[in-house]
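Structural overview
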Amino acid sequence: MNFRIAALAALVAVLAASSAAAQQPSDLPQADRSPAASLHDTAGVYQPAGAPADPLVPAQWNRYHSYTEATRLLRALANAHPERARLRSLGRTYGGREMWLLTITSFDRGPEAERPAFWIDGGIHANEIQSVEVVLYTAWYLLEMYGRSPFVTRLLDERVFYLLPMMSPDSRDAHMHEPNTTHSPRSGQRPVDDDRDGLVDEDPPDDLDGDGHIVSMRMRDPRGKWKPHPDYPQLMVRVRPDETGSYRLLGTEGYDNDGDGEVNEDGDGYYDPNRNWAWNWQPEYVQQGAHHYPFSIEENRLVAEFVLSHPHIAGAQSYHNAAGMILRGPGVLSDAYEPADVAVFDQIGRRGEQMLPGYRYLDVARGLYEAHGAELDWFYAMRGVFQFTNELNTGFNLFRRESEGYFGREEDLHAFDRYLLLGDGLVPWHEVDHPQYGKVELGGYKKDWVRQPPSFLLEEECHRNMAFTLYHADQLPRVEIEGVQVRPVAGAGEEAAPAAGGLYEITAVLVNTRLTPTRAAVAVKRRLTPPDTAEIDGTALKVLAGMNADNPFFDRAVEQERQPAALRIESIPGMGSVYVRWLVGGTGRGTITYRGVQGGAARAAFELP
């Protein structure tokens, strides 16, 4: 017995020593042994490429955030990153929810107005719920990767981001928490008399079985025109002209609430927040969903007021769904974008096709349909902002091959549900009692799939679209002042040269190192923003003449006779330059300052001999 006790004691001693050694290995630096290690101490965390494994604000991107959860996340980000994030509300929605706007930039890098800004929004159509997730992911990624990613760090030092994740939070929450289809509600929650019977929103879809999903209705009918698909019995297909079906389709789950003979004809809304913007707006009889007049929808007006008060916004991105498209305007065939601006859109859009497999770069009117009063046209035509609209999700993602339709071929969707969702995407057909039709069967796509990607594809969708948007943001103007030369003017007489100092020719090059011009061609043509300026200044300088040119020889120079110290420049083209020159007298130090409303600011010093 004593031998056994001694052996057990020896074993315990060995295990204790091993445990202590494991907890405090001698070959690790002392900092790695400290219990007070920084949250950004990555010594013990395996970091995957692309996103932090140990963020200050943990978040999941394989799920959807409700309004309350999104609000909590935005507040957490602003609190965790006060030096780079500020949260505010643009105002309240019709339903009383705050329209949260998160500003992200390096606040210590000078005034926001002196840096080009980028606008990002999601959820203008409330049923397009993953659009909100991409904006939230972008905010989280920018803040958590600052200091880790040189690209993100530089971007936040040079740019300002304004992110509005939820433009229609009322209906988005209605989609998430109330019975709906995968496609509803697209409108906002303001009551509208869709069927013009003097009542509003009185005949919405009805959840007959109480499962939270509004699906399809069918009833058995030996003379029906529909039958189950031979391989996917959940899918209903039309019979051939020479055969008889077994079912009649009755439309979307619901009944005739108001007794007018129509089913589900007056639900939430209807108005379309993306048909209410003040460019090419048309009334309801021309454009469905236009509402009363431009910006009669308050949420849109709040956005427009913010954008108008921040004219340094030079680029923008709006997220929608579906069908995998990178869209630019114009929205109507009678409109046209300036060719020089289209060339910029083309460069960025084609890069997007590479970054987003299965996506196509299109213009709205010619590639999709005509849309009067769309947001992207207002941003471009009235603000001179390069905006894209991405239609998230694509049938290509089902099996990584081309698939027809906005969401993919019906057979592909049902195969995807069977083999990858394991049956979780469909409500099986089942019988219920209908108050007007009698016995009917309900079944079809659940509300949380088809328009919305499933959990395991959501994070990839977020990251790829965010990366495209950050590429666009990086292509906003970036102006540098290069090659400042000070040259004495030979042979200047006493009358030409000021008494205190000589006469000098000062030349500099304003170089734009990015694709986007400092002023879009449409902004120059319509005078949407003031010209850029290049100003020379010094305590003992007298400016006698000033000019600018598009080449270093100044053989087509444009002299500015009035106020020559502050040269007005129409635009600095993308990946281009403008040459400026002054004739000055005096002594001492001076500064050349470039300023553009959307081009940012740059400065360079010089000294007269």
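Residues numbered from 1 in each chain as written. Predicted model: local features only at pLDDT ≥ 70, side-chain atom pairs only at ≥ 80, totals over all residues. Heavy atoms only, no water.

**A look at the overall build of the protein chain**
A count of helical and extended segments in the protein chain gives 14 helices and 23 strands. Its C-alpha atoms give the protein chain principal-axis dimensions of roughly 105 × 100 × 45 Å. When the 609 residues of the protein chain are sorted by exposure, 52% land in the buried category. Long-range contacts, defined here as pairs at least 24 residues apart, represent 73% of the contacts in the protein chain between residues at least 6 apart. With the model as given, the accessible surface of the protein chain reaches about 27,500 Å², and the carbon-plus-sulfur share is 52%. Of the charged side chains in the protein chain, 59 are positive and 86 negative, and the gap between their average positions amounts to 5 Å. (Helix = DSSP H or I, 4+ residues; strand = E, 2+ residues; numbered from the N terminus. Buried < 20%, exposed > 50% of the residue type's maximum accessible area, 1.4 Å probe, protein only. Contact = heavy atoms within 4.5 Å. Areas by Shrake-Rupley, 256 points an atom, 1.4 Å probe, with all protein chains shown as cover. Lys, Arg positive; Asp, Glu negative; His and termini not counted. Charge placed at Lys NZ, Arg CZ, Asp CG, Glu CD.)

**Examining the packing of helix 5 (residues 150–158) against helix 13 (residues 455–474)**
Contact geometry of helix 5 with helix 13 gives a least axis separation of 11 Å together with a crossing angle of 50 degrees. Taken as axis vectors, helix 5 and helix 13 run oblique relative to one another. Remark: the crossing between helix 5 and helix 13 carries left-handed chirality. When helix 5 is examined against helix 13, the residues Phe151, Arg154 and Leu155 are found in contact with a partner set consisting of Leu470, Ala473 and Asp474. (Axes fitted to C-alpha atoms, helices over the stretch in contact; angles between N-to-C directions. Parallel < 35°, antiparallel > 145°, perpendicular 65-115°, else oblique. Left-handed = near helix turned anticlockwise from the far one by under 90°.)

**Quick word on the pattern of salt bridges**
Summed over all chains, the structure comprises 42 salt bridges. Among the ionic pairs, Arg451 bridges to Glu128, the shortest N-O distance being 3.7 Å. Of the two residues, Arg451 is situated in the loop between strand 14 (438–445) and helix 13 and Glu128 in the loop between strand 3 (117–122) and helix 4 (130–145); the sequence distance between them amounts to 323 residues. Comparing Arg451 with Glu128, the two get one shared label, buried. Put simply, Glu243 and Arg240 hold a salt bridge, and the shortest N to O gap is 3.9 Å. What you see here is one network of salt bridges that share partners, running through Arg154, Glu158, Asp474, Arg478, Glu480 and Arg514. (Salt bridge = Lys/Arg side-chain N within 4 Å of Asp/Glu carboxyl O.)

**Quick word on the environment of Glu253**
Counting through the fold element by element, Glu253 comes out in the loop between strand 8 (247–252) and helix 7 (298–308). Spatially, the C-alpha atom of Glu253 lies 23 Å from that of Arg409, the residues being 156 residues apart in sequence. Beyond its immediate sequence surroundings of up to four residues, Glu253 is in contact with Pro205, Asp206, Asp207, Leu208, Asp209, His213, Ile214, Val215, Met217, Asn264 and Leu442. For Glu253, the side chain forms a polar contact with the main-chain nitrogen of Leu208, separated by 2.7 Å. (Polar contact = N/O pair within 3.5 Å; in protein donor to acceptor, adjacent residues only side chain to side chain.)

**Quick look at the sheet that holds strand 20 (residues 566–569)**
A sheet is described by the order of its strands in space; here 4 strands give the open sequence 20-17-22-23, paired in antiparallel fashion. This sheet does not close on itself; its edge strands, each paired only once, are strand 20 and strand 23 (600–607). Neighbouring strand axes in the sheet, compared pairwise and without regard to direction, differ in orientation by 15 degrees on average. Relative to strand 22 (residues 589–596), strand 17 (residues 532–538) runs antiparallel, the two being bridged by 6 bridges. Bridge pairing in strand 22 links Gly538 to Gly590. (Pairing = 2+ DSSP bridges.)

**A few points about the side chain of Asp377**
Note that Asp377 resides in helix 10 (residues 375–383). For the buried Asp377, no salt bridge is present, and the opposite-charge side chain at shortest range is Arg328, 8.0 Å distant. Leave out the neighbours within four places in its chain, and Asp377 touches Trp279, Gly329, Pro330, Gly331, Val332, Tyr337, Ala371 and Met382.

**Side note on the packing of aromatic side chains**
Applying the stated criterion across every chain, the model contains 25 aromatic pairs. Relative to Trp140, the ring of Trp61 has its centre 5.6 Å away and its plane inclined at 55 degrees; by these criteria the two rings are tilted. Highlighted residues: Trp61 in the loop between helix 2 (30–33) and helix 3 (67–80) and Trp140 in helix 4, separated in sequence by 79 residues. The residues Trp61 and Trp140 share a single accessibility class, namely buried. Joined through ring pairs, the aromatic side chains of Trp119, Tyr162, Trp277, Phe295, Phe306, Trp378 and Phe379 make up one cluster. Between Arg218 and the ring centre of Trp429, over which it is positioned, the NZ or CZ distance is 4.0 Å. (Phe/Tyr/Trp six-rings, centres within 6.5 Å; stacked < 30°, edge-to-face > 60°. Lys NZ or Arg CZ within 6 Å of the ring centre and 35° of its normal.)

**Quick notes on unusual backbone geometry**
Trans peptide bonds make up the majority, and among non-glycine residues the majority have a negative phi. The omega angle of the peptide bond from Ser184 to Pro185 is -10 degrees, so this bond is cis rather than trans. Cis geometry is adopted by the peptide bond preceding Pro330, which originates at Gly329 and carries an omega value of 5 degrees. In this structure, Pro330 sits in the loop between strand 10 (325–328) and helix 8 (339–355). Here the phi dihedral of Val450 falls at roughly 100 degrees; this positive angle occurs in a residue that is not glycine. Mapped onto the elements, Val450 comes out in the loop between strand 14 and helix 13.

**Structural notes on the pairing of strand 3**
It is a general feature of regular strands that their side chains alternate between the two faces of the sheet. Counting buried positions along strand 3 gives 6 out of 6 residues, so the element sits mostly inside the fold. The alternating pattern of strand 3 places Ala117, Trp119 and Asp121 on one face and Phe118, Ile120 and Gly122 on the opposite face, and all of these are buried. When strand 3 meets strand 9 (residues 313–321), the two strands line up parallel, connected through 6 bridges. Paired with Gly122 across the two strands is Tyr319, which belongs to strand 9.

**Points about the nonpolar core**
Core analysis: the largest hydrophobic core is formed by 71 residues, its most contacted members being Leu102, Ile104, Tyr137, Tyr141 and Phe161. The biggest single contributor to this core is helix 4, with 11 residues. Not counting residues up to four positions away in its chain, the partners in contact with Leu102 are Leu74, Ala78, Ala85, Arg86, Leu87, Ala139, Leu143, Phe161, Tyr162 and Leu163. (Core = buried A, V, L, I, M, F, W, Y, C linked by side-chain atoms within 4.5 Å.)

**Thoughts on the pairing of strand 9**
Strand 9 sits mainly inside the fold: 9 of its 9 residues count as buried. Sheet analysis places strand 9 next to strand 12 (residues 386–392), joined by 7 bridges and oriented parallel. Across the sheet, residue Gln317 finds its bridge partner in strand 12, namely Phe388.

**Side note on the confidence of the model for the protein chain**
For the protein chain, per-residue confidence averages 91 on the pLDDT scale, and residues scoring 70 or more make up 91% of the total. Per-residue pLDDT stays below 50 along residues 1–39; that stretch engages in 10 contacts with residues further than four places along the chain or on separate chains. The low-confidence segment residues 493–497, where pLDDT is below 50, has 2 contacts with residues more than four positions distant or belonging to other chains. (pLDDT = per-residue confidence, 0-100.)

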